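One-letter residues, chain by chain:
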Amino acid sequence: DTGVSQDPRHKITKRGQNVTFRCDPISEHNRLYWYRQTLGQGPEFLTYFQNEAQLEKSRLLSDRFSAERPKGSFSTLEIQRTEQGDSAMYLCASSPGTGELGEQYFGPGTRLTVT
Amino acid sequence: QKEVEQNSGPLSVPEGAIASLNCTYSDRGSQSFFWYRQYSGKSPELIMSIYSNGDKEDGRFTAQLNKASQYVSLLIRDSQPSDSATYLCAPDRPDKLIFGTGTRLQVFP
């Protein structure tokens, strides 16, 4: 069983550059989530998709952030004009979207460093 | 009041002891909960789910839920150094998981 995968695992970029991350969920999982985690904090919700529809966005997701899941499979998260405050671990998770519980399974994360 | 609160720790226990990790929550409507384990530099890993009052056991792990007190806990029996990690709790919600800061557990030999 293939888990959630994310690419790249690490990204170092200069302030002002754009970056894009990819997430491939567990096969047949309908729901896909993006979180951001900084040191000493739990993951913070950014956005989630039910199939290809983006159903909720956090206030944390400024206009510089955009996420897509065009065919209801993989998803991308783009950050435009990166700032040093964007440095964090970006986590993707997926969930079956069916059944009684909504367990989410996380990918390995993409660690972003903005210099 | 935060939706989920955990003592950030560290909680230090000797090898072989019982580690008790606690979590309180504010939303009385929360029906079920997850416990995740996160090793340093890694992503969270789901280790337990609990959806009814009382205890649920899985190997060395026991999750306890008390809805009246809005309290959920995780007990780790026979703690091992490999259990050293941050433990995160989150109420089950379809739209997103809201995590506390997590409790850092250190098991020393």
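If you're wondering where the values come from, they're calculated on a predicted model, not measured in any experiment.

J.: I'd like to hear about the overall build of chain B, residue by residue, with values.
T.: Each helix and strand in chain B was counted, giving 0 helices and 10 strands. For chain B, the succession of helices and strands along the chain, N to C, is β-β-β-β-β-β-β-β-β-β. Here the C-alpha radius of gyration of chain B, 13 Å, is about what a compact globule of 109 residues would show, namely 13 Å. Dimensions of chain B along its principal axes, counting C-alpha atoms only, are 40 × 30 × 20 Å. A total of 109 residues make up chain B; the buried ones form 45% of that total. Taking as baseline every contact in chain B between residues at least 6 positions apart, the subset at least 24 positions apart corresponds to 53%. Summed over its atoms, the accessible surface of chain B is roughly 5000 Å², and 47% of this surface lies on carbon and sulfur atoms. Averaged over its 11 positive side-chain charges, chain B has a centre that lies 4 Å from the centre of its 12 negative ones.

J.: So what's going on with the nonpolar core? Residues and values would help.
T.: In this structure, W35, V72, L74, I76 and Y87 of chain B are the most contacted members of the largest nonpolar core, which totals 22 residues. Those elements that provide at least two residues to this core are β3 (19-25), β4 (33-38), β5 (45-50), β7 (61-66), β8 (71-76), β9 (85-91) and β10 (103-108) of chain B. With 4 residues, β3 of chain B is the single largest residue contributor to this core. Other than its neighbours up to four places away in sequence, I76 of chain B contacts A17, I18, A19, L21, R60, F61, D83, Y87 and L105 of chain B. Residues I26, L61, A67 and I79 of chain A belong to the second largest nonpolar core, which totals 19 residues.

J.: I'd like a description of the sheet that holds β7 of chain B, backed by residues and values.
T.: Residues and elements named next belong to chain B. Read from one edge of the open sheet, 5 strands run β1-β3-β8-β7-β6, paired in antiparallel fashion. Bordering the open sheet on either side are β1 (4-5) and β6 (54-58), each of which pairs with just one other strand. Examined bridge by bridge, β7 and β8 share 6 bridges and lie antiparallel to one another. When the sheet's bridge partners are listed, F61 is paired in β8 with I76.

J.: I'd like a rundown of the state of the cysteines, residues and numbers included.
T.: Residues and elements named next belong to chain A. Tallied over the entire structure, the rule returns 2 disulfides over all chains. The disulfide bridge from C23 ends at C92, spanning 1.8 Å between sulfur atoms. Residues C23 and C92 share a disulfide whose torsion about the S-S bond is about -65 degrees; that sign makes it left-handed. Taken together, the residues span a long stretch of sequence, with C23 in strand β3 (residues 19-24) and C92 in strand β9 (residues 88-95) at a distance of 69 residues. Residue classification places C23 among the buried positions, given a relative accessible area of 0%. For C92, a relative accessible area of 0% gives the class buried.

The rules we used
- Residues numbered from 1 in each chain as written.
- Chains lettered and ligands numbered in written order.
- Predicted model: local features only at pLDDT ≥ 70, side-chain atom pairs only at ≥ 80, totals over all residues.
- Heavy atoms only, no water.
- Helix = DSSP H or I, 4+ residues; strand = E, 2+ residues; numbered from the N terminus.
- Rg over C-alpha atoms; globule rule 2.2 N^0.38 Å.
- Buried < 20%, exposed > 50% of the residue type's maximum accessible area, 1.4 Å probe, protein only.
- Contact = heavy atoms within 4.5 Å.
- Areas by Shrake-Rupley, 256 points an atom, 1.4 Å probe, with all protein chains shown as cover.
- Lys, Arg positive; Asp, Glu negative; His and termini not counted.
- Charge placed at Lys NZ, Arg CZ, Asp CG, Glu CD.
- Core = buried A, V, L, I, M, F, W, Y, C linked by side-chain atoms within 4.5 Å.
- Pairing = 2+ DSSP bridges.
- Disulfide = S-S within 2.5 Å.

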